[in-house]
Amino acid sequence: MKKKLSIGPKLYIVLCFIFLYLPIAITMFFSFNSSKSLTKFTGFSLRWYQKLLTDQNILSAVYVSISIAIISTLISTVLGTITSIGLSRSRKVLKEWILNVNNMPIMNPDIVTAIGLMILFTSARMERGYITMLLAHIAFCTPYVITSVYPKVRSMDHNLANAAMDLGATPGQAMTKVILPMLKPGIYAGMLLAFTMSLDDFVVSYFVTGNGVSNISIVVYNMTKRTNPTINALSTLLILAVVIIIILVNVIPYLSKKHRGKEVEMENTGKSRLKHLATALAGVGIICLAGVMVYKYTAISQKPVLRVFNSGEYIDTELLTRFEKENHCKVVYETFDSNESMYTKLESGAEYDIIIPSDYMIEKLIEEKYLQEIDWNKIKNKDAIIPELLGKEFDPESKYGVPYYWGTVGILYDKNIVDEKDLQQGWEILNNEKYKGQIYMYDSERDSFMVALKALGYSMNTDKKSELNAAYQWLIDQRDSMEPVYVGDDVIDNMISGNKAMAVVYSGDGAYIISENENMDFFVPDQGTNVWTDAMVMTKYCDNTDLAYQFMDFFLQEDVSVQNTEYIGYDSAVKTTYEYYRDEEYADNNGCAPDTSNPKNEEFKNQEKEIKAFSANLWTKVKSK
């Protein structure tokens, strides 16, 4: 008689499953939330599914992900199987050497493989896009197939193939009738592993893609830069798709067996399931491959192409569609997660026509001659720009940048918790013991050092190591005494939910949070802060400059800037739009409006390499606790 599990082990199993599946359940639950909040359910709604199904960028990413996953799986399975069979006939030295080489991509961190492939494609002058992503996926999937198939090759009896040929079978028949059936479990395992690795990949895809080609992982990563519940809807549909596939793989063989009225052993049933799945994948793969070829063929047209590189969630993509229709062109739109990653792509050889970086990065690009000068005679809406945004220190004569959005960094606080008298402390309020454990600090080296430097009365652009060391000690003391939480853009949803009393945020995020939570307010300390400006710049690679000027001019139109600001939430460089959102829609949030009157406010400047490395080392120590 089998011994029953005690209460302890049963509870342990239940807790394990809860730990694994509770996050998935929460994601699915909030996909039906009527508001943008990712933590507070305000009512049932299908609005995010509707938005998902009408978002061409997401639908395109789903197509790219699935087609590349299937095609790379089929190709890597063939390559891996052939290689495994060949290794069984190779000399021991060659066999061991190849197997060790095969293990390198598996053992290497993804970032190493990604950068290596990026350099390879750049050196070969390959235009990055769908093909380079497909080749990269084949490259890192094949080793996993070899690892799965080769043990089966080693364990099989090679004499069976020889015996088959002695009995009259051709080498091809011996391969298909004898060898491959014995390798089926390993081949199917390698195939499923390759498919999963390809569909799940982000790092390699991010570095080798281009020309606006993005998979699901890249799109989701860019969507996380701002509060975007469409992620929940997309994740829910992917989860349901996986569940449906698992059900079909298990139900179809059962129904088939019942229909035939034959008894099949459990082992054969398992093989039948895998066979059905593999057949389905192969069929879809062929369809996707044909679709890709048709797409590539029909995409060749006389329409001019404009390549735009922008930060994630920093433009309303519906406006891109409108611009394409009005100008009879094609906009190839790509996104980056930071100015530094954008610069890395430029250094790797990626070419774009228009980039939208921040002030200090524009200064760096000007110094390194990545940009070409703007002909302001071709910018019809120049007069719509807020005058104070022109002639900034990073571009004194406004030769290179057309202002896009701007703002400041300040402190968002809960009026019900924070005493307004304490606000007189400025940045030092972040060291007030009354609010210990109630502070979010922005997880950014330059922004955090800006807070510390301004609190100490120094310039945020200082190149003096003594002042940087003082700021480092300020951050260390604050970290140890106040126990702040370092966060990224997830601070938006956390503060909407009122999880902490204070947070260091950008002014645009502050305005949005206040519009969602009336208990919040925003202030900029008198010690000064960072007043940042993002601008549209034209690279030296831009050939179709007329189209580039039309693009920049388009986003200075009042109706366009209003729609774009509604989507983004930051302060527009277009004066009428800025005044509308400050004076009308966000009338109660005027404290979030960028203020240039304080002489202690500064703009970030590009750091010297030595100072940059020094600051980065200090920031690592701050975060190392």
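The structure we're discussing is the one just above.
Scope of this entry: the structure provided in the associated data block. Worth saying up front: this structure is predicted, and the values here are computed from it rather than measured.

## A few points about the overall build of the protein chain
From N to C terminus, the protein chain includes 23 helices and 10 strands. Within the span of the protein chain, comprising 625 residues, buried residues form 48% of the whole. Nonlocal contacts in the protein chain, meaning residues at least 24 apart in sequence, comprise 74% of its contacts between residues at least 6 apart. Put simply, the protein chain shows about 31,300 Å² of open surface, and 58% of that area lies on carbon and sulfur atoms.

## Examining empty space enclosed by the protein
Overall, the coordinates contain five cavities of 30 Å³ or more when judged by the stated rule. The wall of the largest cavity is formed by Glu445, Arg446, Phe449, Met450, Leu453, Met460, Thr462, Leu468, Phe604, Gln607 and Ser615. Among the elements that line the lining of the largest cavity, the one with the most residues is helix α16 (residues 445–455), at five residues. Of the residues belonging to the lining of the largest cavity, the class tally is six nonpolar, three polar and two charged.

## Some words on the packing of helix α7 (residues 159–166) against helix α8 (residues 171–200)
Helix packing geometry: the angle between the two helix axes and the distance between the axes. One can describe the packing of α7 onto α8 by two numbers: an axis separation of 9 Å at closest approach and a directional angle of 145°. Like other packed secondary-structure pairs, α7 and α8 cross with a definite hand, here right-handed. On α8, the residues touching Leu160, Ala161, Ala164 and Met165 of α7 are Pro171, Ala174, Val178, Ile179 and Met182. Of the residues that constitute the contact of α7 with α8, the class distribution is nine nonpolar, no polar and no charged.

## Remarks on helix α10 (residues 216–223)
Side chains that are three or four residues apart share a direction in an α-helix, a result of its 3.6 residues per turn. Of all eight residues making up α10, six are buried, and the element is well covered by its neighbours. What α10 keeps buried is the set Ile216, Ser217, Ile218, Val219, Asn222 and Met223.

## A closer look at a nonpolar patch on the surface
Residues Tyr12, Ile13, Phe17, Phe19, Leu20, Tyr21 and Ile24 make up a contiguous nonpolar surface patch of about 790 Å² in total accessible area. Relative to the assigned elements, Phe17 resides in helix α1 (residues 7–30).

## Description of the pattern of salt bridges
Pairing between side chains of opposite charge can happen when their charged atoms approach one another. All told, the structure shown has 15 salt bridges when counted by the stated rule. A salt bridge links Lys399 to Glu397; the shortest N-O distance between them is 3.4 Å. Under the relative-accessibility criterion, Glu397 is labelled exposed at 59%. Taking the shortest distance from any N to any O, the salt bridge between Arg479 and Asp480 comes out at 3.1 Å. Overall, the relative accessible area of 13% leaves Arg479 in the buried class. On the basis of relative accessibility, which here comes to 38%, the residue Asp480 falls in the partly exposed class.

## Section: the side chain of Asp447
Within the secondary structure, Asp447 sits in helix α16. Nearest to the buried, unbridged Asp447 among oppositely charged side chains is Arg446, at 7.6 Å. A polar atom in the side chain of Asp447 sits 3.2 Å from the side chain of Ser444.

## Side note on unusual backbone geometry
As a rule of thumb, non-glycine residues mostly have phi less than zero, and peptide bonds are mostly trans rather than cis. Here Arg125, not a glycine, exhibits a phi torsion of approximately 55°, which is positive. In this fold, Arg125 is placed in the loop between α5 (110–123) and α6 (130–155). Among the residues examined, Arg125 registers a relative accessible area of 76% and is labelled exposed. Even without a glycine there, the phi angle at Glu483 is positive, about 50°. We classify Glu483 as partly exposed; its relative accessible area is 44%.

## Looking at the pairing of strand β7 (residues 502–506)
In terms of burial, β7 is largely enclosed, as five of its five residues are buried. Burial along β7 is two-sided: the residues Met502, Val504 and Tyr506 and Ala503 and Val505 are all buried. When strand β4 (residues 401–414) meets β7, the two strands line up antiparallel, connected through five bridges. By the bridge assignment for β7, Gly410 is matched with Val505. In this structure, strand β5 (residues 439–442) lies alongside β7, joined through two bridges in parallel fashion. Of the residues in β7, the one forming a bridge with Tyr440 is Ala503.

## Overview of the environment of Phe207
Counting through the fold element by element, Phe207 comes out in helix α9 (residues 203–208). Using a relative accessible area of 16% as the deciding quantity, one classes Phe207 as buried. Distance in space between the C-alpha atoms of Phe207 and Lys345 is 7.7 Å, their sequence separation being 138 residues. Not counting residues up to four positions away in its chain, the partners in contact with Phe207 are Ile111, Ala114, Ile115, Met118 and Arg128.

## Describing the packing of helix α13 (residues 317–327) against helix α21 (residues 558–568)
Orientation of α13 relative to α21, taken along the N-to-C sense of each, is 155°, at an axis distance of 9 Å. With respect to α21, the axis of α13 lies roughly antiparallel. Along the contact surface, α13 presents Glu318, Leu319 and Arg322, while α21 presents Asp559, Val560, Gln563 and Asn564. Along the lines of polarity and charge, the residues of the contact of α13 with α21 split into two nonpolar, two polar and three charged.

## Focus on α21
Along α21, the residues classified as buried are Val560, Ser561, Asn564, Thr565 and Ile568. Down the axis of α21, the buried set is contained in an arc of 125°. They therefore lie on one face. In the segment just after α21, Gly569 is the residue with positive phi, at about 100°.

## A few points about the pairing of β5
Every second residue of β5 is oriented toward a common face, with Ile439 and Met441 on one face and Tyr440 and Tyr442 on the other, all of them buried. Where β5 meets strand β6 (residues 485–487), three bridges bridge the pair, whose relative direction is parallel. Looking across to β6, one finds that Tyr440 is bridged to Val485.

Each value, and the rule that gives it
- Within each chain, residue numbers correspond to sequence positions counted from 1 in written order.
- The predicted origin of the model limits local features to residues at a pLDDT of at least 70 and limits the giving and counting of side-chain atom pairs to 80 or more, whereas totals for whole chains, interfaces and linings rest on all residues.
- Note that water and hydrogens are dropped before the side-chain values are worked out from all heavy atoms of the structure.
- Strands here mean DSSP runs of E at least two residues long; helices mean DSSP runs of H or I at least four residues long; both are numbered from the N terminus.
- Classification of residues uses two cut-offs on accessible area relative to the type maximum, computed with a 1.4 Å probe and protein chains only: under 20% is buried, over 50% is exposed, and between them is partly exposed.
- Every residue pair with non-hydrogen atoms within 4.5 Å of one another is taken to be in contact.
- Exposure was quantified through the Shrake-Rupley algorithm and a 1.4 Å probe, taking into account, for residues, occlusion by the shown protein chains and nothing else.
- Here a cavity denotes a set of grid points, spaced 1 Å apart and computed over the protein atoms alone, in which a 1.4 Å probe fits but from which it cannot get out, and a pocket denotes an open set meeting protein on both sides within 12 Å along at least five of seven lines; residues with an atom within 4 Å of a point are reported as lining.
- Grid points are joined across faces, edges and corners, and a volume is the space filled by probe spheres set on the points.
- Here the nonpolar group is Ala, Val, Leu, Ile, Met, Phe, Trp, Tyr, Cys and Pro; Asp, Glu, Lys and Arg are the charged ones; every other residue, Gly included, is treated as polar.
- Here the axes come from fitting lines to C-alpha atoms, over the contacting stretch only for helices, and the angles between their N-to-C directions go from 0 to 180 degrees.
- In this scheme the handedness of a crossing depends on how the near helix is turned from the far one: anticlockwise by less than a right angle means left-handed, clockwise means right-handed.
- Each patch groups residues whose relative accessible area exceeds 30% and which form no salt bridge, using 9 Å between like charges and 5 Å between nonpolar side chains of Val, Leu, Ile, Met, Phe, Trp and Tyr.
- Salt bridges are counted wherever a side-chain nitrogen of Lys or Arg sits within 4 Å of a carboxyl oxygen of Asp or Glu.
- In this tally, Lys and Arg are treated as positive and Asp and Glu as negative; His is ignored, and so are the chain termini.
- Polar contact is the term for a pair of N or O atoms within 3.5 Å; when the atoms are in protein, one must be able to donate a hydrogen and the other to accept it, and sequence-neighboring residues count only if both atoms are side-chain atoms.
- A strand pair is defined by DSSP finding two or more bridges across the two strands.
- Angle categories are assigned with fixed cut-offs, so that under 35 degrees is roughly parallel, over 145 is roughly antiparallel, 65 to 115 is roughly perpendicular, and the rest are oblique.
- As used here, the arc is the angular range of directions from the helix axis to the C-beta atoms.

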